Amino acid sequence: MADLPHLSGSDIRNQFLKFYESKQHKILPSASLIPEDPTVMLTIAGMLPFKPIFLGQRQAPQLRAATSQKCIRTNDIENVGRTARHHTFFEMLGNFSFGDYFKEQAIAWAWELSTKVYKLPAGRIVPSVFEEDDEAFAIWRDKIGIAEHRIQRMGEKDNFWQSGITGPCGPCSELYYDFHPELGDENIDLEDDSRFIEFYNLVFMQYNRDAEGNLTPLEKQNIDTGLGLERMAQILQQVPNNYETDLIFPIIKTAAEIAAIDYSQADEKTKISFKVIGDHVRAVVHMIADGVTASNTDRGYILRRLIRRVIRHGRLIGIEENFITQVAETAIALAESVYPNVRERQEFIQSQLQREESQFLKTLARGEKLLAEMIADAANLSAKQISGKDAFELYDTYGFPLELTQEIAEEQGLIVDLEGFEQEMKLQKTRSKDSYEAIDLTIQNALGEVVTGSHETSFLGYSQLTAQSQVMGIVVNHDDGEGKSISRNAPLASAGDHVQIILDQTPFYGESGGQIGDRGYLSGDDVLVRIQDVQKEGNILVHQGKVERGTLNLGDIVNATIDRACRRRVQANHTATHLLQAALKQVVDDSVSQAGSLVNFDRLRFDFNSPRALTPEDVQQVEEQVNTWISEAHEADVNIMPLAEAKAKGATAMFGEKYADDVRVIDFPGVSMELCGGTHVTNTAEIGVFKIISETGIASGVRRIEAVAGAAILDYLKVRDQIVKELSSTFKVKPEEISDRVNSLQAELKATQKELEAAKQELALFKSDSLLSQAETVGKYKILVANLGEMDARSLQSAGSRLQQKLGESAVVIASIPSEGKVSLVAAFSQKVIQEKQLQAGKFIGGIAQICGGGGGGRPNLAQAGGKDPGKLDEALDLAKKELMQKLG
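Residues numbered from 1 in each chain as written. Predicted model: local features only at pLDDT ≥ 70, side-chain atom pairs only at ≥ 80, totals over all residues. Heavy atoms only, no water.

Asker: Before we move on, could you go through the overall build of the protein chain and cite the residues and values that matter?
Answerer: Broken down by element type, the protein chain carries 25 helices and 35 strands. Each principal axis of the C-alpha distribution contributes one length, and for the protein chain these read about 100 × 80 × 60 Å. Looking at the protein chain as a whole, 51% of its 889 residues qualify as buried. Residue pairs at least 24 apart in sequence account for 68% of intrachain contacts in the protein chain once pairs closer than 6 positions are excluded. In the structure as shown, the protein chain presents an accessible area of about 40,300 Å², 47% of it carried by carbon and sulfur atoms. Between the averaged position of the 95 positive side-chain charges in the protein chain and that of its 127 negative side-chain charges there is a distance of 5 Å. (Helix = DSSP H or I, 4+ residues; strand = E, 2+ residues; numbered from the N terminus. Buried < 20%, exposed > 50% of the residue type's maximum accessible area, 1.4 Å probe, protein only. Contact = heavy atoms within 4.5 Å. Areas by Shrake-Rupley, 256 points an atom, 1.4 Å probe, with all protein chains shown as cover. Lys, Arg positive; Asp, Glu negative; His and termini not counted. Charge placed at Lys NZ, Arg CZ, Asp CG, Glu CD.)

Asker: Can you tell me about a nonpolar patch on the surface, naming the residues and giving the values?
Answerer: On the surface, Val719, Ile723 and Leu727 cluster together to form a nonpolar patch covering roughly 220 Å² of accessible area. For Val719, a relative accessible area of 43% gives the class partly exposed. (Patch = residues over 30% accessible without salt bridge, like charges linked within 9 Å, V, L, I, M, F, W, Y side chains within 5 Å. Salt bridge = Lys/Arg side-chain N within 4 Å of Asp/Glu carboxyl O.)

Asker: How would you summarise the environment of Lys51 if you had to cite specific residues and measurements?
Answerer: With respect to the helices, strands and loops of the structure, Lys51 is situated in helix H2 (residues 51-54). Residues Lys51 and Pro38, 13 residues apart in the sequence, show an inter-C-alpha distance of 12 Å.

Asker: Can you explain helix H24 (residues 841-850)? Please cite residues and give values.
Answerer: Count 3.6 residues to each turn of an α-helix, and residues three or four apart come out pointing the same way. Most of H24 is tucked away: eight of the 10 residues are buried. Listed as buried for H24 are Ala841, Gly842, Phe844, Ile845, Gly846, Gly847, Ile848 and Ala849.

Asker: Describe the pattern of salt bridges, and please don't skip the residues or the numbers.
Answerer: According to the stated counting rule, one finds 29 salt bridges in the structure shown. The residue Arg569 makes a salt bridge to Asp602 at a minimum N-O spacing of 3.9 Å. In this pair, Arg569 sits in helix H17 (residues 564-587) while Asp602 sits in the loop between strand S23 (593-599) and strand S24 (604-609), placing the two residues 33 residues apart along the sequence. Three or more residues are tied together by salt bridges with common partners; here these are Lys103, Asp133 and Glu135.

Asker: For helix H9 (residues 298-316), give the residues involved together with the corresponding values.
Answerer: The end-to-end C-alpha separation of H9 is 27 Å, in line with the 27 Å expected for 19 residues at 1.5 Å each. After H9 finishes, the residue Gly318 shows a positive phi value of roughly 95°. (Expected span 1.5 Å × (residues − 1).)

Asker: So what's going on with the environment of Val126? Residues and values would help.
Answerer: Checked against the element boundaries, Val126 lands in strand S4 (residues 125-130). Note: C-alpha distance between Val126 and Ile139 (13 residues apart in sequence) is 14 Å.

Asker: Pulling in residues and values, what's your account of the sheet that holds strand S30 (residues 776-778)?
Answerer: The strand order across the open sheet built from six strands is S30-S31-S32-S33-S35-S34, with neighbouring strands paired in mixed fashion. Strand pairing shows two members of the sheet lacking a second neighbour, S30 and strand S34 (855-858), which therefore form its edges. Here the strands of the sheet are splayed against their neighbours by 15° on average, with no regard to which way each runs. The pairing of S34 with strand S35 (residues 862-867) spans four bridges and is classified as antiparallel. Paired with Gly855 across the two strands is Gly866, which belongs to S35. Contacting strand S32 (810-816), strand S33 (823-829), S34 and S35, H24 runs over the sheet at an angle of about 15° to S35. (Pairing = 2+ DSSP bridges. Axes fitted to C-alpha atoms, helices over the stretch in contact; angles between N-to-C directions.)

Asker: An account of the environment of Thr777 is requested, with residue identities and associated values reported.
Answerer: Relative to the helices and strands, Thr777 is located in strand S30. The spatial distance from the C-alpha of Thr777 to the C-alpha of Gly889 is 9.3 Å, given a sequence separation of 112 residues.

Asker: Give me the lowdown on the nonpolar core, citing residues and values where you can.
Answerer: Tyr118, Leu120 and Tyr200 are the most contacted members of the largest nonpolar core, which has 96 residues in total. Sorting elements by how many residues they give to this core places helix H8 (residues 268-289) first, with 11 residues. Setting aside residues no more than four positions away along its own chain, Leu120 makes contact with Leu4, Ser114, Thr115, Ile125, Tyr177, Phe199, Met232, Ile235 and Leu236. Counting 29 residues, the second largest nonpolar core, distinct from the first, contains Phe608, Ile630, Phe690 and Ala707. (Core = buried A, V, L, I, M, F, W, Y, C linked by side-chain atoms within 4.5 Å.)

Asker: I'd like to hear about the packing of H17 against helix H18 (residues 616-631), residue by residue, with values.
Answerer: Two elements in contact, H17 and H18, have axes whose closest approach is 9 Å; the angle formed by their N-to-C orientations is 130°. Classified by the angle between their axes, H17 and H18 sit oblique to one another. Crossing of H17 over H18 shows right-handed handedness. Across the interface between the two elements, Leu579, Leu580, Ala582, Ala583, Leu584, Gln586 and Val587 of H17 pack against Asp618, Gln621, Val622, Gln625, Val626, Trp629 and Ile630 of H18. (Parallel < 35°, antiparallel > 145°, perpendicular 65-115°, else oblique. Left-handed = near helix turned anticlockwise from the far one by under 90°.)

Asker: Describe the pairing of strand S28 (residues 690-699), with residues and values.
Answerer: Summarising the sheet, S28 and strand S29 (residues 702-709) pair through eight bridges and their orientation is antiparallel. Bridging across to S29, Glu695 finds its partner in Ile705. From the end of S28 to the start of S29, which pair antiparallel, there are two residues, and Gly701 there has a positive phi angle of about 80°.

Asker: Which residues make up the confidence of the model for the protein chain, and what values go with them?
Answerer: Averaged over every residue, the pLDDT of the protein chain is 87; residues scoring 70 or more account for 93%. The element-level mean pLDDT for the protein chain is lowest in strand S14 (residues 485-489), coming to 50, with helix H3 (residues 103-117) highest at 97. Confidence drops under a pLDDT of 50 for residues 432-437, and excluding neighbours within four residues, the segment shows 17 contacts in the predicted structure. (pLDDT = per-residue confidence, 0-100.)

Asker: Can you lay out the side chain of Gln206 for me, pointing to particular residues and giving the numbers?
Answerer: With respect to the helices, strands and loops of the structure, Gln206 is situated in strand S8 (residues 196-209). Owing to a relative accessible area of 9%, Gln206 belongs among the buried residues under this scheme. A polar contact of 3.0 Å, which involves the side chain of Gln206, links it to the side chain of Lys103. (Polar contact = N/O pair within 3.5 Å; in protein donor to acceptor, adjacent residues only side chain to side chain.)

This is the structure in structure tokens:
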């Protein structure tokens, strides 16, 4: 083994940051796993938080920076645990230069860090460069002193970084560690994972690529690097894989203790499950801490999938009881010194994990039962395989690994449709957007070009409702004649043009923090532009609207004026949202936290994490509390202060939100204090009144309240008043009597429905009795298969049960078409058919229903199924009769 210092993961991280701090880099905290960038769902690379700087959309607050960035990638989730270094959650150590130092300094410092700080032997480091990058090759050879034959030239696929077809790009230089230098320098193959591991990647962001593929040097050349913390830990701790480092192995050890298994003596399959648990638990703890909640869409879907994989792999190693909170506690303890939010949110993390685990264990049990039914149905239909769709449903919904489905199916003489399974997997990847792996720095359209060349927009809207502004950029959108919108950068716009405009300064608020953008207009000597929306692109505000009259030219001075009535409405709704959160914390639980919001001119929507569902009494109490604070006329106290000071004073921050060093604090003393960049009333009395419209659950542990406030209440009341008037007129009663009249009508309708149901039942029994003579005798059993026409499903079931009882030892299958595009099927079997012929109604009818594009099941003696293709009903009944004749004959 190499003579290397044994550094902990924490020491590796600290020494990296300390080293670059000594090189005048500003040490920045990790950004949230929930990125600002809308093109990706999770932070997937260390450079992602700096994307607006690399694009020129935001000024770099400093020329040099270094970070330890939390990252999540799930595009190759199936490799986790199977290779030495694939992960979903990982930390990327990075040093960045924004137009400051370049190749020579980046290479020199990477070498110094590797050999002097981490003390890696020089003879074990092999650098690679882009095959055409003679400059980097020369630096490694002449400045660092690496022999030419050890510097590996690699092609564009491996050593040229680009984010897209166009945009910033450049060559890379990578540092590899050699585990087996005794094999010599001849025929070095850096793709040999058993010998080499890439641990440091230096990206020289040197060029801009245009649409024709031409490369032109960037005016400001940047450095973007990444050193994998887990990989360096594997090297310095001299363990066979990343999982057995001190960053992950304590989690594995906890799982092994719960399972009562000695990890060192476990077989490879068991070790894979332990590694998956170790990796995924880190991921889910940090995702929840940063504000992700489990759901069936987007990043919530990714979280739920990871949690379920942890539980499933726990089952594979013999853990039957709930265990995820125990391993999560170990992950929290490992991370809390660097990421204190995991300990701060410990209670919420554990409650969400516990809830997801309990729900999934029930789902998993249903999955095991479903697989057994699938096998039985396949046997009934003499099928030879389980469909790819069914296998994927087991995998994705019920947590069954494909290999387990295959193993159980093979025991029953069946195979699994692997091609169909892969097709479903591709669809799922598209749905969850797991495959995002690249950071898109592509300048995609004319707006991107204008934004990239513009300076930050100065926002005046906190204190001014109008301002004189200069037009700095214009993008005109027009129809190409085929219904598609085409954007072009233009020096002017004329009446009728739909435009996107950038100003040097503006009173218009750009959509952010859940609050929509302002409306208003831009006016000049002979021009009027109606502004319908304002969006943020980095620190630039883009005004979207239509030129109503005149011509707008680049460089024009215009009067920018917001719609005051709309601003008052949105201010009332935004402040009401703050009061709502404060009331929920007071009435429901102090752990309530924001999970999302929307504040517009008409209403507000507030999503929040809650340990329990709200009762009607809770909702009423929350509404009353907000209105009490409104009537008490609390003055707003707005201040800019350091983030640490704001948190020390108790200001509420949204988990997962990225804040600057200095933050804006909206304080209604004694009521609510939040970090917020939105616009607000100066006194709660300006809101007027607050009304909750609805309260619902939208995901596990997440509730949603929709409400209206201020002038928007009048619109809400107008609609309700009109409805009441129409109901009063229709029912010929006073408004206060509507409820009684509706209750009376409901009672009458219920009674009528009962009478109709009884008549249907009676007709069904009459119809069924007329079929008794059609029963055929097969041995000692009677078989009846028939189509009863338009009978509803409930009546059909009653008819099936009655026919079987009247026929005695028998098998009855009857069907109907209750409505267009629907099929109903019923099977009723006597006890001797079940016991002597091993036939079960539920399994039998489920297979028959598949012919009609449906399914179903039930008890062995009585079962019901449905379908969607009435055209196949005769075929299905013919098969049912044939099957019964064979099995009972």
